[in-house]
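Below, each chain spelled out in residue letters.
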Amino acid sequence: KQFTKCELSQVLKSMDGYKGVTLPEWICTIFHSSGYDTQTIVKNNGKTEYGLFQINNKMWCRDNQILPSRNICGISCNKFLDDDLTDDVMCAKKILDSEGIDYWLAHKPLCSEKLEQWLCEEL
C-alpha cells in the first residue's frame, strides 16, 4: 500500500514520543527509507530490507535468503509488506529499544530538524 503522510500519521500515532522519537521524525524517516510504500524491498550489503521501516532479514525477520537470521522479531519478513502495520510497529519498537533511532540512517542527516513539513495538518 502506498500511504500518504496523513494516513501514516493516523496509523502510527502510538509511536509518537516512544523512546523520545516524535511522530514527525518517524514520518520523515519512513519517507526517506521507503517513500511510504509498504511493498518496498531493498537489497543492501548482502541483506534485504523490507517494508515501510526497511527491517532487515539478518537480525530482525526471517526469509529464505539468509540462514540463520537472528529473527529477533520472530516473524517472516513478508509480513512487513502487507497493509497491516501492527507487526511492523512492534518490530520497529524492538529495533528502537535495541539499536536506537540511528538504525535508520536517514534519521540523523534528514530528520532531526525542520520537522514542520512532516506534520499532518488534518490531525
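Data block above holds the structure.
Below is a short write-up of the structure. Every value quoted in this text rests on a predicted model; they were computed, and no experiment measured them.

## Digging into helix H3 (residues 86-99)
- With 14 residues, H3 extends 20 Å between its outermost C-alpha atoms, agreeing within 8% with the 20 Å of an ideal straight helix rising 1.5 Å per residue.
- Those residues of H3 that are buried are in contact with helix H2 (23-34) and strand E3 (55-56).
- Once H3 ends, the next one or two residues include Gly100, with phi positive near 80°.

## Notes on the side chain of Glu25
- Following the sequence through the fold, Glu25 ends up in helix H2.
- One buried charge, Glu25, has no salt-bridge partner; the nearest side chain with opposite charge is Lys108, at 11 Å.
- For Glu25, the side chain forms a polar contact with the main-chain nitrogen of Thr22, separated by 2.9 Å.
- A distance of 2.7 Å separates the side chain of Glu25 from the side chain of His107, its partner in a polar contact.
- Apart from the residues lying within four places of it in its own chain, the contact partners of Glu25 are Gly20, His107, Cys111 and Leu115.

## Here we look at the packing of aromatic side chains
- Summed over all chains, the structure comprises seven aromatic pairs.
- Measuring from centroid to centroid gives 4.9 Å for Tyr103 and Trp104, while their planes differ by 80°, and the two rings are edge-to-face. Accessibility assignment for this pair places Tyr103 and Trp104 in one class, buried.
- Above the face of the Phe3 ring, Lys1 is positioned so that its terminal group lies 4.8 Å from the ring centre.
- Above the plane of the ring of Tyr18 lies Lys93, whose end atom (NZ or CZ) is 5.0 Å from the centre.

## Concerning the state of the cysteines
- This model, assessed by the stated rule, comprises four disulfides.
- The residue that forms a disulfide with Cys61 is Cys77, at a sulfur-sulfur distance of 2.1 Å. One disulfide, between Cys61 and Cys77, carries an S-S torsion of 95° and so falls in the right-handed class. One end of the pair, Cys61, is in the loop between E3 and H3; the other, Cys77, is in the loop between E3 and H3, and 16 residues separate them in sequence.
- Taken in N- to C-terminal order, the disulfide-linked cysteines of the protein chain are connected 1-8, 2-7, 3-5, 4-6.

What counts, and where the lines are drawn
- Residues numbered from 1 in each chain as written.
- Predicted model: local features only at pLDDT ≥ 70, side-chain atom pairs only at ≥ 80, totals over all residues.
- Heavy atoms only, no water.
- Helix = DSSP H or I, 4+ residues; strand = E, 2+ residues; numbered from the N terminus.
- Expected span 1.5 Å × (residues − 1).
- Contact = heavy atoms within 4.5 Å.
- Buried < 20%, exposed > 50% of the residue type's maximum accessible area, 1.4 Å probe, protein only.
- Lys, Arg positive; Asp, Glu negative; His and termini not counted.
- Salt bridge = Lys/Arg side-chain N within 4 Å of Asp/Glu carboxyl O.
- Polar contact = N/O pair within 3.5 Å; in protein donor to acceptor, adjacent residues only side chain to side chain.
- Phe/Tyr/Trp six-rings, centres within 6.5 Å; stacked < 30°, edge-to-face > 60°.
- Lys NZ or Arg CZ within 6 Å of the ring centre and 35° of its normal.
- Disulfide = S-S within 2.5 Å.

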